[in-house]
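Inside the fold
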Amino acid sequence: MTDIPGASALLPAVVLLPVLGAVVCVCLSRHRQVLPGVITAALSVLISLALAVTVASSGPLEHQMAGWAPPLGIVLRADGMAVAFIALAGVVGLATLLVASTDERTTGDRNGFWPLSLLCWSGLNAVFLAQDLFNAYVALEVLSLAAVGLVALGSGGALRAALRYLVVAVIGSMLLLVAIAVIYAQTGTLDMTLAGQRLDAPTARLALVLAVVGMGLKAAVVPMHAWLPPAHAGAPAAVSPLMSALVVKGAFYLLLRLWLEVVPADPVIGLALGILGAISVVWGSLMALTEKHLKRIAAYSTISQMGYLFLAFPLLQSAEPDEQVRAMLAAVITMALAHGLAKAALFLVAGALMLGTGTDHVDGFVGAARTQGVLVAGMIMAAVSLIGLPVSLGFTAKWGYLTTAMDQGVWWIVAVLLLGTLLAAGYLLRPIAALLRSADIYDESLRVEPSSRPALQRWVPFSLGAAAIATGFLGAPMAQLAVAGVGAG
């Protein structure tokens, strides 16, 4: 553990600062919430970067709240995996809030975006840092309730989508709570490390099944995905990126943490998770191919991309020696980062085009590249990473999956990766083709000339798309950081 004096204070700061910002925003009128919201986001990113640099240079950090040690005290712990996800939340959170500051329409029809988005950010960071099961559960609840509130800010069928999401989130939370109770009844502790040392196999399997179903609902893995397309597509322009790039990652992160540190390896459940992931990759892609609205294409793409994350479980299960385990863990974390950056860019592009044209129908964007070149460039770079083409971060992640699957002889995962790549190219190239040219395969009568968008609405998604490409050149150091100290608690 890092012994730099005062460094551990970064852990509660990265959780509590967004809460403080949310409280300030609640006390202000809607149009006055922008400045404290952006300042809070900027400070939170600085703390997140300081945390990442500290862990990268000196190893994991741990903070005991009020000086109480486990099993009685609340402990926050940051290893490489935690800071990687916190960094993603910081980059996407700041980018989204910057775009939200340009136009009140990006935040929905109702007041509440700024405090809810900051609470969502705080809940995410708390999930990533929680070292005990109950606090992870509480943090996930904060995250889920804030996300439901954000979805409800939209117009049209947003309230119905938010209600459906709320029901799913509550069921998922109840199953997770039962799983935690099962673990506590057998081990007598909520600390993840201690529980992992005391848990026996039969109890672990029951708890893991409950947690898989609960987190599968929140992460929208097929067949538990029906809530996601209307929630993500119907949410305001500044909410969809947060939902797709970050919120669904919270549930996956907790499940991965349970798999690595609490429950013993279970090949049957690992294989089941991999099969669900494969179905998600194919089903989400096929549904995206049938859609003609850009935000719904992006929403179904999220289901598909989440499938890649669940494909990691059977590969982690079978990986040996330790070098292969670390390589696979780095690959799945890289996949989550790549998806987060690229999907935030894609949803921000979709939101800007929708605000500029009044539609998100693909045929309404025909020829938009003539006037919206920066937006289109951002979307192309995001698509390159989502497809997994060379030099992008998405390619780095898929290469890690492919090499591990081939080393283990798991050829069905190799086939899913290749098929998913082809399908992603299919559903992403159609809207890009519409943006780049006019052709008789599109209905020109639906075309709307986009109005000029503010600079931040154009350059922020461009920067995220560029980051999804540029970070592909940093695969080795990012992988080294992502696995630093994982499982060493």
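Note: the structure precedes this text.
Residues numbered from 1 in each chain as written. Predicted model: local features only at pLDDT ≥ 70, side-chain atom pairs only at ≥ 80, totals over all residues. Heavy atoms only, no water.

**Describing the overall build of the protein chain**
- If you tally the helices and strands in the protein chain, you get 19 helices and two strands.
- In terms of overall size, the protein chain behaves like a compact globule, its C-alpha atoms giving a radius of gyration of 21 Å where 489 residues would be expected to give roughly 23 Å.
- Burial statistics for the protein chain: of 489 residues in total, 61% are counted as buried.
- Across the protein chain, every contact between residues at least 6 apart in sequence was considered, and the portion connecting residues at least 24 apart equals 81%.
- Summed over all atoms, the accessible surface of the protein chain reaches about 17400 Å², with 69% contributed by carbon and sulfur.
- Charge separation in the protein chain, taken as the distance between the mean sites of 24 positive and 23 negative side-chain charges, equals 10 Å. (Helix = DSSP H or I, 4+ residues; strand = E, 2+ residues; numbered from the N terminus. Rg over C-alpha atoms; globule rule 2.2 N^0.38 Å. Buried < 20%, exposed > 50% of the residue type's maximum accessible area, 1.4 Å probe, protein only. Contact = heavy atoms within 4.5 Å. Areas by Shrake-Rupley, 256 points an atom, 1.4 Å probe, with all protein chains shown as cover. Lys, Arg positive; Asp, Glu negative; His and termini not counted. Charge placed at Lys NZ, Arg CZ, Asp CG, Glu CD.)

**Topic: the nonpolar core**
- Judged by nonpolar contacts, the single largest core of 178 residues is most densely connected at Phe113 and Tyr401.
- Per element, the largest residue contribution to this core is 21 residues, and it comes from helix α14 (residues 322–357).
- Among all residues touching phenylalanine 113, those that are not within four sequence positions of it are Leu97, Ala100, Thr107, Leu150, Leu153, Ala238, Val239 and Leu242. (Core = buried A, V, L, I, M, F, W, Y, C linked by side-chain atoms within 4.5 Å.)

**A closer look at the packing of aromatic side chains**
- Here the structure, examined in full by the defined rule, presents twelve aromatic pairs.
- Judged by centre distance (5.8 Å) and plane angle (50 degrees), the ring pair of phenylalanine 310 and phenylalanine 313 falls under tilted. For the pair shown, phenylalanine 310 and phenylalanine 313 are each scored as buried.
- Through successive ring pairs, a cluster of aromatic residues spans Phe252, Trp259, Phe310 and Phe313. (Phe/Tyr/Trp six-rings, centres within 6.5 Å; stacked < 30°, edge-to-face > 60°.)

**As for the packing of helix α8 (residues 201–219) against helix α11 (residues 267–290)**
- Following both chains from N to C, one finds α8 and α11 inclined at 10 degrees, their axes separated by 11 Å at the closest point. In this view, α8 runs roughly parallel relative to α11, as classed from their interaxial angle. The hand of the α8/α11 crossing is right-handed. Here Arg205, Leu208, Val209 and Val212 of α8 come into contact with α11, specifically with Val268, Ile269 and Leu273.
- Broken down by class, the residue content of the contact of α8 with α11 amounts to six nonpolar, no polar and one charged. (Axes fitted to C-alpha atoms, helices over the stretch in contact; angles between N-to-C directions. Parallel < 35°, antiparallel > 145°, perpendicular 65-115°, else oblique. Left-handed = near helix turned anticlockwise from the far one by under 90°. Nonpolar A, V, L, I, M, F, W, Y, C, P; charged D, E, K, R; others polar.)

**Structural notes on the state of the cysteines**
- Overall, the coordinates contain zero disulfides when judged by the stated rule.
- Summary of cysteine pairing: cysteine 27 is not part of a disulfide, and the nearest cysteine sulfur, belonging to cysteine 25, is at 9.1 Å. (Disulfide = S-S within 2.5 Å.)

**Concerning helix α5 (residues 133–151)**
- Its 19 residues place the ends of α5 27 Å apart at the C-alpha level, agreeing with the 27 Å of an ideal helix rising 1.5 Å per residue.
- Buried residues dominate α5, accounting for 14 of its 19 residues.
- Residue aspartate 132 occupies the N-cap position of α5, its side-chain oxygen lying 3.3 Å from the main-chain nitrogen of phenylalanine 134. (Expected span 1.5 Å × (residues − 1). Polar contact = N/O pair within 3.5 Å; in protein donor to acceptor, adjacent residues only side chain to side chain.)

**Quick notes on the pattern of salt bridges**
- Evaluated as defined, the whole model comprises ten salt bridges.
- Aspartate 103 serves as the salt-bridge partner of arginine 453, at 3.6 Å between the closest nitrogen and oxygen. Here arginine 453 is found in the loop between α17 (411–436) and α18 (455–470), whereas its partner aspartate 103 is found in the loop between α3 (80–100) and α4 (113–129), with 350 residues between them in sequence. Neither arginine 453 nor aspartate 103 differs from the other in exposure class; each is buried.
- Here the salt bridges share partners, and the residues they tie into one network are Arg77, Asp79, Arg257 and Glu261. (Salt bridge = Lys/Arg side-chain N within 4 Å of Asp/Glu carboxyl O.)

**A closer look at unusual backbone geometry**
- Cis rather than trans, the peptide bond between valine 222 and proline 223 has omega equal to 10 degrees.
- Within the secondary structure, proline 223 is located in the loop between α8 and α9 (228–234).
- In this structure, alanine 220 is a non-glycine residue whose phi angle is positive, near 65 degrees.
- Along the chain, alanine 220 turns up in the loop between α8 and α9.
- A residue is classified by how much of its surface remains accessible, and alanine 220, at 0% relative accessible area, is buried.
- Phi is positive for valine 391, close to 80 degrees, though the residue is something other than glycine.
- Topologically, valine 391 is positioned in the loop between α15 (373–387) and α16 (393–408).

**Here's the deal with the environment of glycine 472**
- Here glycine 472 shows up in the loop between α18 and α19 (475–482).
- Sequence separation of glycine 472 and arginine 77 is 395 residues, and the distance between their C-alpha atoms is 28 Å.
- The residues touching glycine 472, leaving out its near neighbours within four places in the chain, are Val391, Ser392, Leu393 and Thr396.

**Regarding the pairing of strand β1 (residues 61–64)**
- Of the two faces of β1, the one lined by Leu61 and His63 is fully buried and the one lined by Glu62 and Gln64 carries no buried residue.
- Taken together, the four bridges between β1 and strand β2 (residues 75–78) define a ladder with antiparallel strand orientation. Counted as the bridge partner of glutamine 64 is valine 75 from β2. (Pairing = 2+ DSSP bridges.)

**What about a nonpolar patch on the surface?**
- A grouping of Leu35, Ile39, Leu43, Leu46 and Leu49 is seen on the molecular surface, where their side chains present a nonpolar patch of about 490 Å² in accessible area.
- Structurally, leucine 46 is set in helix α2 (residues 34–58).
- The exposure class of leucine 46 is exposed, given its relative accessible area of 54%. (Patch = residues over 30% accessible without salt bridge, like charges linked within 9 Å, V, L, I, M, F, W, Y side chains within 5 Å.)

**A word on the packing of α11 against helix α12 (residues 294–310)**
- Two numbers describe how α11 lies on α12: the axes approach to 7 Å, and their chain directions differ by 160 degrees. As judged from the angle between their axes, α11 and α12 are roughly antiparallel. Classified by chirality, the crossing of α12 by α11 is left-handed. Between α11, through Leu273, Gly274, Gly277, Ser280, Val281, Gly284, Ser285, Met287 and Ala288, and α12, the contact on the second element is made entirely by Ile297, Tyr300, Ser301, Ile303, Ser304, Gly307, Tyr308 and Phe310.

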